[in-house]
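One letter stands for each residue in the lines below.
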Amino acid sequence: MLALGPIFRALLRNKVGALLIAIQIAFTMAVIVNSVFIIYERSQETKRPSGIDEANSFFVTSSGFTENFSAKATIEEDLANIRALSGVVDAIQINAIPVSGSGWSMGLQTEPGAEHDGIGTAVYMVDERGINALDVQLLAGENFTATDIRWRGKGASDWPDKIIVTQAMATRLFPDLDYAQSIGKTVYINDTEPMIITGVIDKLQAPWVGWNNVEHSFLSPEYLARDSSSYFIRTEDGQRDAMMKQVEELLAKNKSRVIQNMRSVDYVRERSYRGHTAMIKILTTVIITLTIVTSLGIVGLASFSVNRRKKQIGIRRALGATKADILRYFMTENMIISGFGVLLGAALTIGLNMILVNALSLTPMSWFYIPVGMLALCVVGQVAVFGPARKATSIAPATATRTV
Amino acid sequence: MFSYYLKLAAKSIKKNPLLSTLMVLAIALGIGASMTTVTVNYLMSANPIPEKSEQLFYVQVDSWDPHNAFNDSNGEPPNQITWTEANNLFNAQQASKQVVMAKSGGIIVPENQDINPFEAVIRLTTGDFFAMFNTPFLFGSGWQLASDQQRAQVIVLTKRINDKLFGGENSIGRTVLLAGQNYKVVGVLDAWQPMPKFYDVNNGAFDESEEVFIPFFLKETYELPNWGNTNCWKSPEGEGFKAFLQSECINYQMWVQLNSEQEQSDYLAFLNNYVSEQKALGRFPRPMNNQLLDVMGWMANQEVVEDDAKMMMWMSFMFLVVCLLNTIGLLLAKFMGKSSEIGLRRAIGASKRDIFIQHIIESATIGLLGGLLGLGLALFGLVGIETLYGDFVSNLVSLDWVMALTGIVIAIVASILAGLYPTWRACNVAPATQLSSQ
């Protein structure tokens, strides 16, 4: 076992150099550990499934503008035509697209009255084929029938009697019940208007990916009688791009409207999470660069210290120290410095995390990030110092007899 | 003497190219990262209308739910107003200038049949908009108060739409068919894109400005759709468009121009008085909570600078700290390695001051090189940010001279500071010991 005492005392003779490295390691650790934590959180968020068949779905908006434009007739005709295309699994009119960033939200409550708080949820207006088109699973209860679907007029503020909610929403509304037991329960919209839950689906995310209630949504059985109308189309595997073209051509035949915003769900997802993806890439670059900068700093300073101690090393070698002893000396010296560094680093990491939590409402990081980070930085230190330390072992014992 | 020291610095840098390169690179990386993030933050928090940002005030009144504040966490009044308030407060004409507005959209059918009909984003607004926000005009001008009151079918086009519809000609007096109605062109804006788009931050603070501008009250006449954020704390009473307009839903913004503190306190008094009157009518169930914030106050209130941008800036400052610590360490190593040289110079008559200046100049040279390289890295970083975030940041990633110069100055100052301790150590090399060891 190497005596730590002499190494430590030798270190104290060059306090500043060692201290600089230690502080550098500490700051590096604070930035790297927090970055890793943020990257992990963001990547978890970007991986959340929206519940729909993203790869095979797209949507398009049709905006009628002529005076005699009939919204109702056009929607019925469009849906019939699109559904008839081979390659299309199903198509619906919808008021908003999951993960797209824009949509419609309401509050639902289990007791009537303005004094009760509603629970926020996204609304998707679909017909009886919504479940199939969105590719969501009905877990309990039953789907809407064609007779349940109504037309929502411009400016209408009342709601249908039946709704289908996501499992997450059912559990949130009735936390004490199994989701299946929410079938037949009445919830209230607009403070007092009752609606009965007739079905529960597995998963359908809200349009806003940054929303706390992103798993809350419900299906409302209605068509929107509007001149501007969006269709959501699900195709057979691999048919999406071909179908996008066909649907566009089909709809463009009607010259009394404008066809716009034809987009795949993959595209809107990519756009909605672009900030997260960018952040992940930027922070990864930061981690790599910082590790390199710090390693090079350690290499530089260690080489310097080896050069300065050539004579001392030569003397030790002449007195019988093996190459391994010399190697171990510098490795141990770096271990001591890194040890101080990561201890300080642990404090800085927690401090930086607290700042980020307070200022930017991040969730606090789990405790195990700290020891893992400490270990990682120590390893980086050891790897970085290995080169200069090996160079030190090549110093000949005869150096002791020369003056440097 | 200065040029001699510069020569010495260059010599010293060349003598130990690896260590020098490391230092230059470290400073360049730190400066590059910080400048990139600072630029984004600086542009996000830029004053979009510096010449009068202190005279323009965003109007907020608390018309919200008696049971829940609009924003539970801070009790702020709602971020928009209702149709009723937009009408009443505008018609009162109590400020020297005032504007009410909303976002909408409609299909434009061009006269020229070769151009397909397309959807345009509409800003519904009132005539003072153009004078209040200093919009540049290419042709014509905005409209007068009378046009607002008479709901005249007039339109102001942006340059882009004028180029598209009329090939960039002076189109004053021509008509545009928008959302089924004909509008007479009274003005064409020159390129105009305030950054941030402060007049309506609820609908994307860095979005493009709208494509056409028409009188606000036409929304009611032609039942123009609600675009942008709409929030309701209770649903409209009754069915249809009229019921929505009369509801407590908020979808409209109001700005007033108040030129003095007297005007500001008068306007706030007017608002308080107005709310009291409405309370008597059974509206405004919450406590009196009216707010007038000027442009920068409103930007801060709405947290226009994104959290991610702030976070990146802080991380990049810590990055810079690491790089500077690295530089201090390496400079220390470098200067101590020159002990014998310094000892020799001291022995043949150089004063401590000479040694000090020589080494500070060497540090500054490294800083200058690092700063220049860092500037390059920052340009690279900004291109990277644009690639990663897409078009919507394209207005936020340009580097101006002020930023570039600041970056270089910071690099030099930082490296001089980083060089202070190593230099001090170098100055304290005693001539005698070094000579004796030779």
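Conventions adopted
Residues numbered from 1 in each chain as written. Chains lettered and ligands numbered in written order. Predicted model: local features only at pLDDT ≥ 70, side-chain atom pairs only at ≥ 80, totals over all residues. Heavy atoms only, no water. Domains from an automatic or database assignment. Helix = DSSP H or I, 4+ residues; strand = E, 2+ residues; numbered from the N terminus. Buried < 20%, exposed > 50% of the residue type's maximum accessible area, 1.4 Å probe, protein only. Contact = heavy atoms within 4.5 Å. UniProt positions renumbered as here; feature names shortened; annotations may be inferred. Buried area = accessible area lost by both parts, 1.4 Å probe. Salt bridge = Lys/Arg side-chain N within 4 Å of Asp/Glu carboxyl O. Polar contact = N/O pair within 3.5 Å; in protein donor to acceptor, adjacent residues only side chain to side chain. Nonpolar A, V, L, I, M, F, W, Y, C, P; charged D, E, K, R; others polar. Patch = residues over 30% accessible without salt bridge, like charges linked within 9 Å, V, L, I, M, F, W, Y side chains within 5 Å. Areas by Shrake-Rupley, 256 points an atom, 1.4 Å probe, with all protein chains shown as cover. Core = buried A, V, L, I, M, F, W, Y, C linked by side-chain atoms within 4.5 Å. Disulfide = S-S within 2.5 Å. Phe/Tyr/Trp six-rings, centres within 6.5 Å; stacked < 30°, edge-to-face > 60°. Lys NZ or Arg CZ within 6 Å of the ring centre and 35° of its normal.

Engineer: For this particular structure, what's the right way to read the domain arrangement of chain A?
Structural biologist: Interfaces are often sized by the amount of accessible area the parts lose when they come together. Its domain assignment divides chain A into domain 1 (4-47 + 273-400) and domain 2 (70-255). A straight line from the C-alpha centre of domain 1 of chain A to that of domain 2 of chain A covers 54 Å.

Engineer: What is the right way to look at the environment of I32(A) in this model?
Structural biologist: Residues and elements named next belong to chain A. Within the secondary structure, I32 sits in helix α2 (residues 15-47). The exposure class of I32 is buried, given its relative accessible area of 11%. Residues I32 and R226 lie 194 residues apart in sequence; the distance between their C-alpha atoms is 52 Å. Excluding its chain neighbours within four sequence positions, the residues that come into contact with I32 are I287, L290 and T291.

Engineer: So what exactly am I meant to see when it comes to the UniProt feature "domain: MacB-like periplasmic core" (unreviewed entry) in chain A here?
Structural biologist: UniProt tags residues 49-249 of chain A as "domain: MacB-like periplasmic core" (unreviewed entry). In residues 49-249 of chain A, helix accounts for 18% and strand for 34%; the two terminal C-alpha atoms are 31 Å from one another.

Engineer: Explanation requested: the interface of chain A and chain B in the structure shown.
Structural biologist: Between chain A and chain B, the contact holds 49 residues from the first and 43 residues from the second. Each partner contributes to the roughly 4100 Å² buried at the junction of chain A and chain B, and carbon and sulfur atoms together form 73% of this total. Our count for the chain A to chain B interface comes out at 1 salt bridge. Where chain A meets chain B, there are 9 residue pairs in polar contact (both at pLDDT 80 or more). With 17 residues, the top contributor of residues to the side of chain A that touches chain B is helix α8 (residues 274-308) of chain A. Partitioning the side of chain A that touches chain B into residue classes produces 27 nonpolar, 15 polar and 7 charged.

Engineer: What's the story with a nonpolar patch on the surface in this structure? I'm lost.
Structural biologist: On the surface, a cluster of nonpolar side chains totalling about 420 Å² of accessible area is made up of F356(B), V409(B), V413(B), L417(B) and L420(B). With respect to the helices, strands and loops of the structure, L417(B) is situated in helix α14 (residues 401-427).

Engineer: What is the right way to read the nonpolar core from this model?
Structural biologist: Ranked by internal contacts, the top residues of the largest apolar core, which has 109 residues, are F129(B), F133(B), F198(B) and W255(B). Counting residues in each nonpolar core, the second largest holds 47 residues, with A102(B), I122(B), F217(B) and F241(B) among its members.

Engineer: I keep staring at the pattern of salt bridges and nothing clicks. Help me out?
Structural biologist: Close approach of charged atoms allows side chains of opposite charge to pair. With the rule as written, the count across this model stands at 34 salt bridges over all chains. Across the pair E169(B) and R174(B) runs a salt bridge, and its minimum N-O distance is 3.8 Å. On the basis of relative accessibility, which here comes to 47%, the residue E169(B) falls in the partly exposed class. Three or more residues are tied together by salt bridges with common partners; here these are R83(A), D90(A), D127(A) and R129(A).

Engineer: Before we go on, may I ask you to explain the state of the cysteines in this structure?
Structural biologist: When the sulfur atoms of two cysteines share a covalent bond, that bond is a disulfide. Residue and element names in this part refer to chain B. Counted under the stated rule, the structure contains 1 disulfide over all chains. Across a sulfur-sulfur distance of 2.1 Å, C232 and C249 are joined as a disulfide pair. With the S-S bond torsion at 110°, the cross-link from C232 to C249 turns out right-handed. In this pair, C232 is assigned in the loop between α7 (218-222) and α8 (240-246) and C249 in the loop between α8 and β10 (250-257), connecting sequence segments 17 residues apart. Look at C232 and you get partly exposed, because its relative accessible area is 40%. Classification of C249 as buried rests on a relative accessible area of 1%.

Engineer: Where do I start with the packing of aromatic side chains in this structure?
Structural biologist: The relative placement of two aromatic rings is captured by the distance of their centres and the angle of their planes. Overall, the coordinates contain 35 aromatic pairs over all chains when judged by the stated rule. Ring centres of F368(A) and Y369(A) lie 5.1 Å apart, and the angle between their planes is 15°; on these two criteria the pair is classed as stacked. A relative accessible area of 41% places F368(A) in the partly exposed class. Here a set of aromatic residues connected by ring pairs shows up, and it is made of Y58(B), F129(B), F130(B), F133(B), F137(B), W143(B), W192(B), F198(B), Y199(B), F213(B), W255(B) and W298(B). A cation over an aromatic ring shows up here: R152(A) above the ring of W159(A), its NZ or CZ 4.2 Å from the ring centre. The positively charged end of K164(B) is found above the aromatic ring belonging to F118(B), 3.8 Å away from the centroid.

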